[in-house]
Amino acid sequence: MSIDKTSATASKDDALPVENPEAASGADVAVDPRLLVREQGLTGYIGEFKRKIKGGDLGSIPVVIGLIVICIVFQSLNSNFLSAQNLSDITVTMVGTGMISVGIVFVLLLGEIDLSVGSVSGAASAIAAVLAVNQGWPEWVAVLFAVAAGAAIGAAHGFFFAVLGAPAFAVTLAGLLFWLGFMLKVLGENGTINLDSDGFIGKLTTYFFADVAAAYGLALVVVAVFFISSFLGNRRREAAGVPSRPLSDTVLRTVLLAVVAFAAAAMYNQYKGLPLATVVFLAFLVGSDFLLRRTSYGRKIFALGGSVEASRRAGINVTFIRISVFAIAGGFSAIGGLFLASKIASANQSAGTGDLLMNAIAAAVIGGTSLFGGRGRTWNALLGVLVIVSIQYGLQLESIAEPVKYMITAAVLLTTVVIDSVTRKTQKTAGRA
């Protein structure tokens, strides 16, 4: 039986009758939550929230709840946990691992893994230290060279994976060993190169904007940019006849962001001021999020993570996307390595080793990035690394032994992976994946 094409494009008045118009109307409402919110207000929010939970669309809810629980537990154990100094230290310490985790998010979106990021971060810090200290290069030039080297290393890994067909796991595992050896070779017999604490690299984690206007000004800019971009985006969608969020929704989100932003600004001003490291990290998060969600390149990454074959048939250059994603991961690894070197004012043989790799991957996964590809945001790295570093600092305040720290972090990671797996199965059952 054939169907006239004109019936598929007919207006609502000309549409064929349905047996259950109420069910059909409910289905339409469930498709777009913005229409639901507009028509039903608070009831719409609650209804859509329930539908998301049933459909396995948990988003960042588990990690946000986890952060709240962590704060409550450790604050009850030690009143210094939520002090301005401790919170400021947490947000500075997390930047090195967080930068590496942002690169991991890109790789995970492809459904792949990069085990070399820790070693690459150490190699990059060694390169920058040798060029700046031993060779006398200007530090900012050494930094640019080290970041470029990290991106080139990542691109090389991507070449073996995308062009030669070697598994990413095996390629990056080899890279982990190779670049660890390379770092030890570059550092030489002493194994440690001290950095100038007042130099470019040293100030990455030690410089603070002491003027109170800096923190409050940044908070104001963030809130204003968010509201303007959301408002204009909704106007464009309305002009195009596409459903958009109501103004009340945008205002509510802006108010919530303002509360968080100005609370953070007040906290920073109670200690040393706004940390440069935090500003740089936020800038990279905004830029990488824009790249993923607002550009065709980012949409291709998501498409490739969903289905390689479908992406290839759609005309996407799969090889280029894969190589470039691993290059991005290598570049972020190098940046993270420089922040880690800045924290201890040196590049040494322990750089990139220990639990760094585990924490970087765990941060991305804990934050909400799927291990199966196609789902995640760079902001997940921020949430995840906040969880990990908060746990570490909380346990440190309680003088908990190092082995216990590892076990607790592993338990958190396992819980997150289980949630991710259950969520994926729920989405499949609901027909959303």
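Residues numbered from 1 in each chain as written. Predicted model: local features only at pLDDT ≥ 70, side-chain atom pairs only at ≥ 80, totals over all residues. Heavy atoms only, no water.

The test is simple: UniProt positions are given in the numbering used here, feature names are shortened, and annotations may be inferred rather than shown by experiment.
You'll find the protein chain entered in an unreviewed UniProt entry as Xylose transport system permease protein XylH, with Streptomyces griseoaurantiacus M045 given as the organism. As its UniProt record puts it under Function (unreviewed entry), the protein chain is described as follows: "Part of the binding-protein-dependent transport system for D-xylose. Probably responsible for the translocation of the substrate across the membrane." Listed under Subcellular location (unreviewed entry) in UniProt, the entry text for the protein chain is "Cell membrane".

**Observations regarding the layout of surface pockets**
What counts, and what does not: Of the grid points, spaced at 1 Å and generated over the protein atoms alone, those admitting a 1.4 Å probe that cannot get out make up cavities, while open sets with protein on both sides within 12 Å along at least five of seven lines make up pockets; any residue with an atom within 4 Å of a point is treated as lining. Grid points are joined across faces, edges and corners, and a volume is the space filled by probe spheres set on the points. Numbering of helices and strands starts at the N terminus; helices are DSSP runs of H or I of at least 4 residues and strands are runs of E of at least 2. Amino acid classes used here: Ala, Val, Leu, Ile, Met, Phe, Trp, Tyr, Cys and Pro are nonpolar; Asp, Glu, Lys and Arg are charged; the rest, including Gly, are polar.
Volume-wise, the second largest pocket comes out at about 730 Å³. Lining the second largest pocket are 36 residues, and of these Thr-93, Thr-97, Leu-340, Asp-355 and Leu-356 lie nearest its centre. Secondary structure elements with two or more residues in the lining of the second largest pocket: α6 (84–109), α7 (117–134), α16 (318–344), β4 (346–348), α17 (356–367), α18 (379–397) and α19 (402–429). For the lining of the second largest pocket, the per-class residue count stands at 14 nonpolar, 18 polar and four charged.

**Things to note about the environment of Asp-114**
Put simply, the rule reads: Here, two residues are considered to be in contact whenever any of their heavy atoms come within 4.5 Å of each other. We define a polar contact as two N or O atoms separated by no more than 3.5 Å, with the added condition that, inside protein, one atom must be a possible hydrogen donor and the other a possible acceptor, whereas residues neighbouring each other in sequence contribute only through side-chain atom pairs.
With respect to the helices and strands, Asp-114 occurs in the loop between α6 and α7. Along the primary structure Asp-114 and Gly-158 are separated by 44 residues, whereas in three dimensions their C-alpha atoms are 9.8 Å apart. Discounting residues that sit within four places of it in the chain, Asp-114 has contacts with Ile-104, Val-107, Thr-172, Phe-326, Ala-329, Leu-357 and Ile-361. A distance of 2.6 Å separates a polar atom in the side chain of Asp-114 from a polar atom in the side chain of Ser-116.

**Description of the packing of α7 against α16**
To keep things clear, this is the line we draw: Whenever a helix is involved, its axis is fitted only over the stretch in contact; in every case the axis is a line through C-alpha atoms, and angles between N-to-C directions fall within 0 to 180 degrees. Oblique is the label for every angle not falling under 35 degrees (roughly parallel), over 145 degrees (roughly antiparallel), or within 65 to 115 degrees (roughly perpendicular). By the definition used in this description, the sense in which the near helix is turned from the far one sets the handedness, with an anticlockwise turn below a right angle giving left-handed and a clockwise turn giving right-handed.
Their axes nearest at 7 Å, the elements α7 and α16 cross at an angle of 60 degrees. One way to sum up the angle between α7 and α16 is to call them oblique. The way α7 lies across α16 gives a crossing that is right-handed. Contacts between α7 and α16 involve Val-117, Val-120, Ser-121, Ala-124, Ser-125 and Ala-128 from the first element and Gly-330, Ser-333, Ala-334, Gly-337, Leu-338 and Ala-341 from the second. Residue composition of the contact of α7 with α16, by class: seven nonpolar, five polar and no charged.

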